[in-house]
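Here is how the chains run, residue by residue.
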Amino acid sequence: MDQIKVGRFIAACRKEQGMTQANLAETLGISDRAVSKWETGKSMPDSGIMLKLCELLRINVNELLSGERIMAESYDKRAEENLLEMRRQIENKNRQLLRTEYLISFPTVLAGLFMCFVAAYAELPVWIRIAMIAFALAMILTVGFISVGIEQKAGYYECQKCRDRHIPTCWQTNLAMHIGRTRYMKCPKCGQRSWQKKVLSKEDAEV
Ligand SMILES: [Zn+2]
């Protein structure tokens, strides 16, 4: 997909409809900056508002994604809606997976820390204390691996250098330095290291 071409096409259609970037942004309930980012080819409209955008620009999604008007092709609205719906479902599934990751990891870490605290301060035989700490650490480590596994599979990581979106290997994900879900990894496409951002789908850029 040629984002620059799509961007120019969006700008041209918007002007044809006599709208400014601000008008369009306001009607869609998003920021002017988001519209400007589409039009300069820096990002793509997210699937949630693509249909509304096309309606306002009086084009269809095929045309939007192609960056030009398609005369020969008949306008099959249902096919487009299905395509968008499919993408939306994948995004939702990934969003849910990432939510599950938080739901299992936070309580486990809290429970583990609580056990270590009890082991350190309660009047208990030494072997029970050691067993409790070992169990807590094993639990946190196991859930940690499961969480990273979920995070690795849900959605993609975006390289900050070449904008390639990809799924890293399990080991890469586990061993990478991270801040939240942003991980410092080597890009398989351009080979450069950068802080790679978690994104939900292969094509959409954030709006
Ligand atoms: Zn790259």
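Keep in mind that what you see is a predicted model, and the values were worked out from it rather than measured.

S.K.: Hey, could you run me through the layout of surface pockets in this one?
M.R.: One water molecule sets the probe size; rolling that probe over the atoms shows where empty space is left. Computed from the structure, the second largest pocket encloses a volume of approximately 330 Å³. Lining the second largest pocket are 16 residues, and of these Gly144, Ser147, Val148, His178 and Arg183 sit closest to its centre. In terms of residues, the lining of the second largest pocket owes the most to one element, helix α7 (residues 126–153), which gives eight residues. Of the residues contributing to the lining of the second largest pocket, the split by class is six nonpolar, six polar and four charged.

S.K.: What is the right way to look at the sheet that holds strand β4 (residues 182–186) in this model?
M.R.: Either a parallel or an antiparallel arrangement is found when strands of a sheet pair, and the pairing is made through backbone hydrogen bonds. With antiparallel pairing, five strands are arranged side by side in an open sheet as β2-β1-β5-β4-β3. The open sheet has two free edges, formed respectively by β2 (165–166) and β3 (177–179), since each of these has just one partner strand. In terms of strand pairing, β3 meets β4 through three bridges, oriented antiparallel. Looking at β4, one finds that Ile179 is bridged to Thr182.

S.K.: What exactly am I supposed to notice about the coordination of the zinc ion here?
M.R.: Each pair of donors in an ideal octahedron of six around a metal sits at 90 or 180 degrees, and each pair in an ideal tetrahedron of four sits at 109.5 degrees. Taken together, the protein donors to the zinc ion comprise Cys159 (SG), Cys162 (SG), Cys187 (SG) and Cys190 (SG), at separations of 2.3 to 2.4 Å. Given four donor atoms and angles of 107 to 111° at the metal, the environment of the zinc ion is assigned as tetrahedral. Site description for the zinc ion: donor spacing in sequence, C-x2-C-x24-C-x2-C. Here Cys190 lies in the loop between β4 and β5 (193–199) and Cys162 lies in the loop between β1 (156–158) and β2, a separation of 28 residues in the sequence. By relative accessible area, Cys162 is classed as partly exposed at 29%. In this structure Cys190 comes out as partly exposed when scored by relative accessible area, which is 29%.

Conventions adopted
Residues numbered from 1 in each chain as written. Predicted model: local features only at pLDDT ≥ 70, side-chain atom pairs only at ≥ 80, totals over all residues. Heavy atoms only, no water. 1 Å grid on protein atoms, 1.4 Å probe; cavity = no way out; pocket = protein on both sides within 12 Å on 5 of 7 lines; lining within 4 Å. Points joined across faces, edges and corners; volume = space filled by probe spheres on them. Helix = DSSP H or I, 4+ residues; strand = E, 2+ residues; numbered from the N terminus. Nonpolar A, V, L, I, M, F, W, Y, C, P; charged D, E, K, R; others polar. Pairing = 2+ DSSP bridges. Donors = N, O, S within 2.8 Å, 3.2 Å for Na, K, Ca; no water. Tetrahedral: all angles 85-135°; square planar, octahedral: opposite > 155°, others 65-115°. Buried < 20%, exposed > 50% of the residue type's maximum accessible area, 1.4 Å probe, protein only.

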